[in-house]
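Residues per chain are reported as follows:
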Amino acid sequence: AFFRGGGKFVNAVKSVQRDPGALSAWLLPSEDERRLHLREVALEALADAEDARVAAESTFGVLVASQQRSLWEFQHALTEFQLIEERNIECMQSSLKQHIVVQSSALANQQYDTQMLMSVLDGVSKDSDLVDFIRAGTKRPTGAFLDVAAAAAVATATARACHRRWRT
């Protein structure tokens, strides 16, 4: 009975045969269907937007936490660098103090040697030393003067060599 002329489908086919524009009206949704469809699409878009907002808010929280962690790590690195520099300064200070002690000791030793040489030079008598030299003949003179003089000469040569190194 459906195909014999009675039913909605047969009536629709007959109306399309009479008016070709009726086919597009029959295939297209009605105004209510379009509104209902637009409402469903809007609700889906609203749900998607809410999901995107929640995801963005979560991602922003992760970003803020990451920034805070990076800031903490940067501050930690700066603190470590400061500690390293403080240790370097302490080490340099200690080393320079040791160097000054060694240098002042060397200068004191050189001053002592020079003072000893001065006291020996004060004891030199040209007349008696020449007479002793002549009496000794070809013997090489020995004694306190030559021992102190040799030590003073070594100390002076060392000081001059150090002084040359410091100037260059």
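Residues numbered from 1 in each chain as written. Predicted model: local features only at pLDDT ≥ 70, side-chain atom pairs only at ≥ 80, totals over all residues. Heavy atoms only, no water.

A. Up close: the overall build of the chain. A tally of helices and strands in the chain yields 5 helices and 0 strands. Sequence-ordered secondary structure for the chain, helices as α and strands as β, is α-α-α-α-α. Buried residues in the chain amount to 4% of all 168 residues. Looking at the chain as shown, the accessible area adds up to about 14700 Å², and 62% of this sits on carbon and sulfur atoms. (Helix = DSSP H or I, 4+ residues; strand = E, 2+ residues; numbered from the N terminus. Buried < 20%, exposed > 50% of the residue type's maximum accessible area, 1.4 Å probe, protein only. Areas by Shrake-Rupley, 256 points an atom, 1.4 Å probe, with all protein chains shown as cover.)

B. Main features of a nonpolar patch on the surface. On the surface, a nonpolar cluster with roughly 420 Å² of combined accessible area is contributed by Phe74, Leu78, Phe81 and Ile84. Relative to the helices and strands, Ile84 resides in helix 3 (residues 31–122). (Patch = residues over 30% accessible without salt bridge, like charges linked within 9 Å, V, L, I, M, F, W, Y side chains within 5 Å. Salt bridge = Lys/Arg side-chain N within 4 Å of Asp/Glu carboxyl O.)

C. Molecular detail of the pattern of salt bridges. Enumeration according to the criterion identifies 3 salt bridges in this entry. Between Glu50 and Arg53 there is a salt bridge; the shortest N-O distance is 2.6 Å. Here Glu50 and its partner Arg53 are both found in helix 3, 3 residues apart, which amounts to about one turn of the helix. According to the relative accessible area criterion, Glu50 is partly exposed, its value standing at 36%. The closest approach of N and O atoms between Glu57 and Arg53, which form a salt bridge, is 3.4 Å. Highlighted residues: Glu57 and Arg53, both in helix 3, separated by 4 residues, approximately one helical turn. Residue Glu57 is classed as exposed on the basis of its relative accessible area, which comes to 53%. Ionic contacts of the salt-bridge type, sharing partners, join the residues Glu50, Arg53 and Glu57 into one network.

D. Quick look at a negative patch on the surface. Among the surface-exposed residues, Glu40, Glu44, Asp48 and Asp51 lie close enough to one another that they form a single negatively charged patch. Topologically, Glu44 is positioned in helix 3. Residue Glu44 is classed as exposed on the basis of its relative accessible area, which comes to 52%. (Lys, Arg positive; Asp, Glu negative; His and termini not counted. Charge placed at Lys NZ, Arg CZ, Asp CG, Glu CD.)

E. Inspection of the confidence of the model for the chain at higher detail. On average, residues of the chain score 78 in pLDDT, and 64% of them are at 70 or above. For the chain, the element scoring lowest by mean pLDDT is helix 5 (residues 144–167), at 58; helix 3 scores highest, at 92. (pLDDT = per-residue confidence, 0-100.)

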